[in-house]
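Structure assessment
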Amino acid sequence: MRIIVFSDTHGNISAAKKIFETNSNICDHYIFLGDGLKELELMKLLFPDKKIFCVSGNCDEPVCPPSDVIEIFKTKIFITHGHTLNVKESHDTLIKNAKEANAQIALYGHTHKRYYKYEHGLHILNPGSASQPKDELPPCYAFIDISPYGISCALVDL
């Protein structure tokens, strides 16, 4: 079972739409990690059959919480934009919150830099920015595959 994760579209409707169009035949679950909720509302209209989870970023109206715990395919996932957890400086608070929620995956955005590491028994993933990367790499999103064999994560150039 696949989950698409993206963040920080910052008004770039075409980037958000490309992510949905590219993956709509293979995926029904999407997680948006903030800073672009306006274009996400349009994606909900264009792709009404998709299950979309989201958090608000520091550049969004606070219509969603900045962090949440969700469960998809019997897997607990801690999702946050990250600005309230100081993710630009450290993963310590992110990890603490995810562990307290008994999550197997911790997702965050905000930095505009892609990141993936398995540590502390936790998959920690930042899909980077779908429109304004700050790591000298192309715009990016990610996917998570959950199967009876485990969890795998991958970053994808947009």
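See the structure printed just above.
The sections below set out a description of the structure shown in this document.

Rules of the game
- Within each chain, residue numbers correspond to sequence positions counted from 1 in written order.
- The predicted origin of the model limits local features to residues at a pLDDT of at least 70 and limits the giving and counting of side-chain atom pairs to 80 or more, whereas totals for whole chains, interfaces and linings rest on all residues.
- For the side-chain quantities, the full set of heavy atoms in the structure was used; hydrogens and water were omitted.
- Two strands make a pair as long as DSSP finds a minimum of two bridges between them.
- Runs of E in the DSSP output that reach at least two residues are strands. Runs of H or I that reach at least four are helices, and both are numbered from the N terminus.
- For helices, the fitted axis covers only the stretch in contact; all axes are lines through C-alpha atoms, and the angles between them, taken along N-to-C directions, range from 0 to 180 degrees.
- By the definition adopted for this analysis, an angle is roughly parallel if under 35 degrees, roughly antiparallel if over 145, roughly perpendicular if from 65 to 115, and oblique otherwise.
- Crossings are assigned a handedness: left-handed for a near helix turned anticlockwise from the far helix by less than a right angle, right-handed for a clockwise turn.
- Two residues form a contact once any of their heavy atoms are found within 4.5 Å.
- Ten residue types, Ala, Val, Leu, Ile, Met, Phe, Trp, Tyr, Cys and Pro, are classed as nonpolar, four, Asp, Glu, Lys and Arg, as charged, and the remainder, Gly among them, as polar.
- Partly exposed describes any residue whose relative accessible area lies between the buried limit of under 20% and the exposed limit of over 50%, with all areas from a 1.4 Å probe on protein chains only and scaled to the type maximum.
- Working note: the arc is built from the helix axis to C-beta atom directions.

Here the focus is the sheet that holds strand E5 (residues 75-80). With respect to topology, five strands assemble into an open sheet ordered E4-E5-E6-E8-E7, the strand pairing being mixed. Bordering the open sheet on either side are strand E4 (67-72) and strand E7 (114-119), each of which pairs with just one other strand. Averaged over all pairs of adjacent strands, the angle between strand axes in this sheet comes to 15°, irrespective of strand direction. As paired strands, E4 and E5 are joined by six bridges and run antiparallel to one another. Following the sheet pairing, isoleucine 72 is matched in E5 by threonine 75.

Let us look at the packing of helix H1 (residues 13-23) against helix H2 (residues 37-46). Between two packed helices, what matters for the description is the angle formed by their axes and the separation of those axes. Following both chains from N to C, one finds H1 and H2 inclined at 40°, their axes separated by 9 Å at the closest point. It follows that H1 is oblique to H2 by the angle criterion. Our pair here, H1 against H2, has a crossing hand that is right-handed. Contacts between H1 and H2 involve Ile13, Ala16, Lys17 and Phe20 from the former and Glu39, Leu40, Leu42, Met43 and Leu46 from the latter. Looking at side-chain class alone, the contact of H1 with H2 contains seven nonpolar, no polar and two charged residues.

With that settled, consider H2. Looking only at H2, the buried set comprises Leu37, Glu39, Leu40 and Met43. The arc enclosing the buried residues of H2, seen along the axis, measures out at 150°, which places them on a common side. Facing away from the buried side of H2 by over 90 degrees, the exposed positions are Lys38 and Leu45. Looking at the buried residues of H2, the elements they touch are strand E1 (2-6), H1, strand E2 (29-32) and strand E3 (51-54).

Two faces, one strand: in a regular strand the side chains alternate between the faces of the sheet. Most of strand E8 (residues 122-127) is tucked away, with six of its six residues classed as buried. Of the two faces of E8, the one holding Leu122, Ile124 and Asn126 and the one holding His123, Leu125 and Pro127 are both buried throughout. Note: strand E6 (residues 105-107) against E8, three bridges, orientation parallel. Its bridge partner being in E8, leucine 107 is matched across the sheet by leucine 125. Sheet topology places E7 next to E8; six bridges connect them, and they run antiparallel. Bridge pairing links tyrosine 118 to histidine 123 in E8. Between E7 and the antiparallel strand that follows it, E8, lie two residues; histidine 120 among them carries a positive phi value of about 55°.

Time to look at the environment of proline 66. Looking at where proline 66 falls in the secondary structure, it is placed in the loop between E3 and E4. In this structure, the C-alpha to C-alpha distance between proline 66 and leucine 158, residues 92 residues apart in sequence, is 25 Å. Those residues in contact with proline 66 that lie beyond four places of it in its chain are Val55, Ser56, Ile79, Thr80, His81, His83 and Thr84.

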